[in-house]
Amino acid sequence: MAPMGIRLSPLGVAVFCLLGLGVLYHLYSGFLAGRLALFVLGDPAERAGGGPDVPPGPLPEGTVDLRELLAVSVLAAVKGGEEVKRVRESNVLNEKAKGKTREGAEEKMTSGDVLSNRKMFYLLKNTFPSVQINTEEHVDAPDEIIFWDRSIPEDIKEKIQSKKVPAESVTVWIDPLDATHEYTEDLRQYVTTMVCVAVNGEPVIGVIHKPFSAYTAWAMVDGGSNIKARSSYSERTPRIIVSRSHAGKVEQVARQTFGNKTVIIPAGGAGYKVLALLDVPDKKQEKADVYIHVTYIKKWDICAGNAVLKALGGHMTTLTGEEISYTGSDGNEGGLLASINVDHQALVDKLPDLEKASHKQT
């Protein structure tokens, strides 16, 4: 007798296949969902540096990522600049004197200084609460609720690698409105907002923002920048940019050193003067070969420019060629000499009389 064959009904086959598909779905649905989320949202490691899915707030203490600090510094300078521009255009400066310089000149303060300082200070402080922040103006207002959204501009992402340093090694210097005197005179081209980051006293990040032309220069030492040096400079008969308040003193010594063809450019604002040494796409920005300052100057005025020049291979020193440390006191006693793509030490050697003039003023 022949064996009986086993016959499966079409309904049974269908049920069996559906059960199998259910098991496979259960096993792989988690994996597929994870891959889909990765595709749509991106790598979590990348999102940590920016993106709307990461809530704003203070970053973990202990270490600081310099790329993130650069991004926040740029944002702070821009936000401060918005306040500076808004107050100036309202023409209600609420100008008042806050003291005198060592030379006896009146130091002014306006609502632009105060409001810019508040935005810049609290944006940085709320994001990096463990970092030391030195600022030109006192912060006497209640805490402002302002946070970084963790987004990093594309140009910074492309040029700067993540680099972490101990938080206790970092000092941030803020100048919420450089060239306040010129600001009150409506000489807008000289006005900048600046942020500098020093690590163990050495300037490593510099941001200089021009509120009235919406131009921002930034650079990071051993990292990258969005600004560059000009193609040529004159060493034999340099164009020298100096403060408007002591142009005559520098002019006399400079012409004795370099000859009567030496051009002296009086200008306001330390940030503006550093940009004068670089390739800046701003028609109102004057061009110079050397920047000289012969009197006492505060470190928040010069730290950002020092970092930018250093990142580009330039130099900013005292008049005797000493490096400036951005720890300790908030002032620099030894005058200032800044240059790029010229023999800086040769300039130091040629200008000894300026160093003497600096000591007479302090």
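Before reading on, note that the structure itself is shown above.
For the rest of this paragraph, the subject is the state of the cysteines. Applying the stated criterion across every chain yields a total of 1 disulfide. Through a disulfide, Cys196 is tied to Cys303; the S-S separation comes to 2.0 Å. The sign of the -45° torsion about the S-S bond sets the Cys196-Cys303 disulfide as left-handed. Of this pair, Cys196 sits in strand S7 (residues 192-199) while Cys303 is found in helix H9 (residues 299-311), placing the two residues 107 residues apart along the sequence.

In a regular helix each residue adds 1.5 Å, so 13 residues correspond to 18 Å; H9 covers 18 Å between its end C-alpha atoms and thus fits that length. Within H9, 11 of the 13 residues are buried, leaving the element largely enclosed by the surrounding structure. Those residues of H9 that sit buried are Lys299, Trp300, Asp301, Ile302, Cys303, Ala304, Gly305, Asn306, Ala307, Val308 and Leu309.

What follows concerns the packing of helix H3 (residues 66-90) against helix H4 (residues 111-127). For the pair H3 and H4, the least separation of the axes is 8 Å and the interaxial angle reads 160°. Viewed along their axes, H3 and H4 adopt a mutual orientation that is roughly antiparallel. For H3 against H4, the interelement crossing comes out right-handed. Looking at the contact of H3 with H4 residue by residue, the classes come out as 11 nonpolar, 7 polar and 4 charged.

A few words now on the pattern of salt bridges. Under the criterion given, the structure shown has 11 salt bridges. The salt bridge involving Arg230 is made with Asp289; its shortest N-O contact spans 3.3 Å. Highlighted residues: Arg230 in the loop between strand S11 (228-229) and strand S12 (239-243) and Asp289 in the loop between strand S14 (278-279) and strand S15 (290-293), separated in sequence by 59 residues. Residue classification places Arg230 among the buried positions, given a relative accessible area of 15%. With a closest N to O distance of 2.7 Å, Glu251 and Arg255 form a salt bridge. Of this pair, Glu251 and Arg255 both sit in helix H7 (residues 247-258), 4 residues apart, roughly one helical turn. Take Glu251: its relative accessible area is 26%, and that puts it in the partly exposed class. Among the residues examined, Arg255 registers a relative accessible area of 31% and is labelled partly exposed. Taken together, the shared-partner salt bridges in this structure form one network comprising Arg88, Asp186 and Arg188.

Quick look at the sheet that holds strand S4 (residues 132-135) now. Strands sit in the order S4-S6-S7-S8-S9-S10 across an open sheet of 6 strands; the sheet is mixed. A single partner strand is all that each edge strand has here, and the edge strands are S4 and strand S10 (224-225). Here strand S6 (residues 170-178) pairs with S7 via 7 bridges, running antiparallel. Pairing of Asp178 across the sheet is with Thr192, part of S7.

Tracing the backbone shows Thr135 in strand S4. A residue is classified by how much of its surface remains accessible, and Thr135, at 16% relative accessible area, is buried. One polar contact links Thr135 to Asn117, side chain to side chain, over a distance of 2.3 Å. Not counting the four nearest positions on each side in its chain, Thr135 is found in contact with Asn117, Phe121, Ile174, Pro176 and Trp300.

About the cut-offs
- Residues numbered from 1 in each chain as written.
- Predicted model: local features only at pLDDT ≥ 70, side-chain atom pairs only at ≥ 80, totals over all residues.
- Heavy atoms only, no water.
- Disulfide = S-S within 2.5 Å.
- Helix = DSSP H or I, 4+ residues; strand = E, 2+ residues; numbered from the N terminus.
- Expected span 1.5 Å × (residues − 1).
- Buried < 20%, exposed > 50% of the residue type's maximum accessible area, 1.4 Å probe, protein only.
- Axes fitted to C-alpha atoms, helices over the stretch in contact; angles between N-to-C directions.
- Parallel < 35°, antiparallel > 145°, perpendicular 65-115°, else oblique.
- Left-handed = near helix turned anticlockwise from the far one by under 90°.
- Nonpolar A, V, L, I, M, F, W, Y, C, P; charged D, E, K, R; others polar.
- Salt bridge = Lys/Arg side-chain N within 4 Å of Asp/Glu carboxyl O.
- Pairing = 2+ DSSP bridges.
- Polar contact = N/O pair within 3.5 Å; in protein donor to acceptor, adjacent residues only side chain to side chain.
- Contact = heavy atoms within 4.5 Å.

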